[in-house]
Amino acid sequence: MPKKKQSNNDPVLSLDPEKGPFTQTEQNALHQWLHEQFSHNKIDAERYFYVRLMMIYGQRGVQLRMMVFDDFIKCDHGCKIRIYWAKQRNDDAAGFRAKSEIFNLDEDLFDSIMAYKVDVLERIKQAYPGRADWDKAIKHVPLFRRKLAEKCTYYNHAQIPVLLDDPDHKVLEDAPNPLFHAQAGSIHAWLECMECMPDFPISPRTHLPLKISRGHRFRYTLGTDLSNAGMDEWVLARALMQVNTKSVRKY
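Quick caveat, the model's predicted, so the values are computed rather than measured. (Residues numbered from 1 in each chain as written. Predicted model: local features only at pLDDT ≥ 70, side-chain atom pairs only at ≥ 80, totals over all residues. Heavy atoms only, no water.)

Undergrad: Could you give an account of unusual backbone geometry, naming the residues involved and the relevant values?
TA: Phi at Leu15 is positive, roughly 50°, even though this residue is not glycine. Topologically, Leu15 is positioned in the segment before α1 (24–39). A positive phi angle, near 55°, is found at Met241, a position not held by glycine. Relative to the helices and strands, Met241 is located in the segment after α8 (233–239). (Helix = DSSP H or I, 4+ residues; strand = E, 2+ residues; numbered from the N terminus.)

What follows is the structure, given as structure tokens:
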């Protein structure tokens, strides 16, 4: 077991109903609600894809925020997703998009993201014509984008741009740039807003709306579900992108 972990304060070992893994019933309710809201245009594509990817892959928020459209791949072996490592302690090599792993991706989800990519491309061309060769740069555009400057004081949803207005758009022709990726605070605000939406799933354990703004819950859920399915610690470490099995033994 990892050192300094006690079952009464570790959210996984204690099965904390607000911080620990989701039950299968809670996952099913969230999955159904998410699809219904997206189908009726009550949540936008970014929020839908963010929660779907969190539910499937259980990675850290910083890893999802690093994603660009070029990380979704279709090849002879099916559809794939490229996920980059978060920076590891004492590992200078794993910085912004420095080290990645490839995982399988559902074809329907791949097709949905590609359709969204076409929509984003058209919106960017309209908003920033001539700023860059967008047909070339779109592969480096983040899936979850930063849209407003830090000092921006207005927040009119109808006027939020598709991408941060910056003179350096042309750099996206060559490579992804962290300047254009969504910030952690923005994502957290998305999730908190979703928790307050009408008909959001209620936890049968707390009788309150599910807490999805605690992003690590998806990670805890994946580890718990894989363990319950009989997977060994090396499979868990690979799925959760851990450098060793020490931190997954609690599952």
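Undergrad: An account of the pattern of salt bridges is needed here, citing residue identities and associated values.
TA: For the structure on display, the rule yields 15 salt bridges. Among the ionic pairs, Asp44 bridges to Arg47, the shortest N-O distance being 3.7 Å. Residue classification places Asp44 among the partly exposed residues on the basis of a relative accessible area of 32%. The exposure class of Arg47 is buried, given its relative accessible area of 14%. Between Lys74 and Glu107 there is a salt bridge whose closest N-O contact spans 3.2 Å. Here Lys74 is found in strand β1 (residues 72–75), whereas its partner Glu107 is found in helix α4 (residues 107–127), with 33 residues between them in sequence. For Lys74, a relative accessible area of 48% corresponds to the partly exposed category. Through salt bridges with shared partners, one network takes in Glu46, Arg145 and Lys147. (Salt bridge = Lys/Arg side-chain N within 4 Å of Asp/Glu carboxyl O. Buried < 20%, exposed > 50% of the residue type's maximum accessible area, 1.4 Å probe, protein only.)

Undergrad: Would you mind going over the packing of α1 against helix α2 (residues 45–57) in detail, with residue names and values included?
TA: Packing of α1 against α2 brings their axes to within 10 Å, and their N-to-C directions diverge by 160°. The pairing of α1 with α2 is recorded here as roughly antiparallel in orientation. At the point where α1 passes α2, the crossing takes the left-handed sense. Between α1 and α2, the contacting residues are Gln27, Leu30, His31, Leu34, His35 and Phe38 on the first element and Ala45, Tyr48, Val51, Arg52 and Met55 on the second. Of the residues assigned to the contact of α1 with α2, the class counts are seven nonpolar, three polar and one charged. (Axes fitted to C-alpha atoms, helices over the stretch in contact; angles between N-to-C directions. Parallel < 35°, antiparallel > 145°, perpendicular 65-115°, else oblique. Left-handed = near helix turned anticlockwise from the far one by under 90°. Contact = heavy atoms within 4.5 Å. Nonpolar A, V, L, I, M, F, W, Y, C, P; charged D, E, K, R; others polar.)

Undergrad: Residue-level account of α4, with values.
TA: The first and last C-alpha atoms of α4 sit 30 Å apart over 21 residues, in line with the 30 Å expected at 1.5 Å per residue. Considered for burial, the residues of α4 that qualify are Leu109, Phe110, Ile113, Met114, Tyr116, Val120, Leu121 and Ile124. The arc enclosing the buried residues of α4, seen along the axis, measures out at 165°, which places them on a common side. Residues of α4 that are exposed and angled more than 90 degrees away from the buried face: Asp108, Val118 and Gln126. (Expected span 1.5 Å × (residues − 1). Arc of directions from axis to C-beta.)

Undergrad: Hey, could you go over the sheet that holds β1 for me, with residue numbers and the actual values?
TA: Each strand in a sheet pairs with another by means of backbone hydrogen bonds, the pair being arranged parallel or else antiparallel. Spatial strand order, β1-β2-β3: three strands in an open sheet with antiparallel pairing. Strands with a single pairing partner mark the edges of an open sheet, and in this sheet they are β1 and β3 (100–104). Within the sheet, the average angular offset between the axes of one strand and its neighbour, ignoring direction, is 30°. Here β1 runs beside strand β2 (residues 78–84); their pairing, made up of four bridges, is antiparallel. Across the sheet, the residue bridging to Cys75 is Gly78, located in β2. Seen against the sheet, α2 touches β1, β2 and β3 and runs at an angle of roughly 90° to β2. Sheet strands touched by α4: β1 and β2. Its angle to β1, the strand with the most contacts, is close to 120°. (Pairing = 2+ DSSP bridges.)

Undergrad: Summarise the packing of aromatic side chains; cite the residues concerned and give the values.
TA: According to the stated counting rule, one finds 11 aromatic pairs in the structure shown. Relative to Phe144, the ring of Tyr50 has its centre 5.2 Å away and its plane inclined at 80°; by these criteria the two rings are edge-to-face. In this pair, Tyr50 sits in helix α2 while Phe144 sits in the loop between α5 (134–137) and α6 (184–195), placing the two residues 94 residues apart along the sequence. The rings of Phe38, Tyr48, Phe49, Phe69 and Tyr116 are connected pair by pair, giving a single aromatic cluster. (Phe/Tyr/Trp six-rings, centres within 6.5 Å; stacked < 30°, edge-to-face > 60°.)

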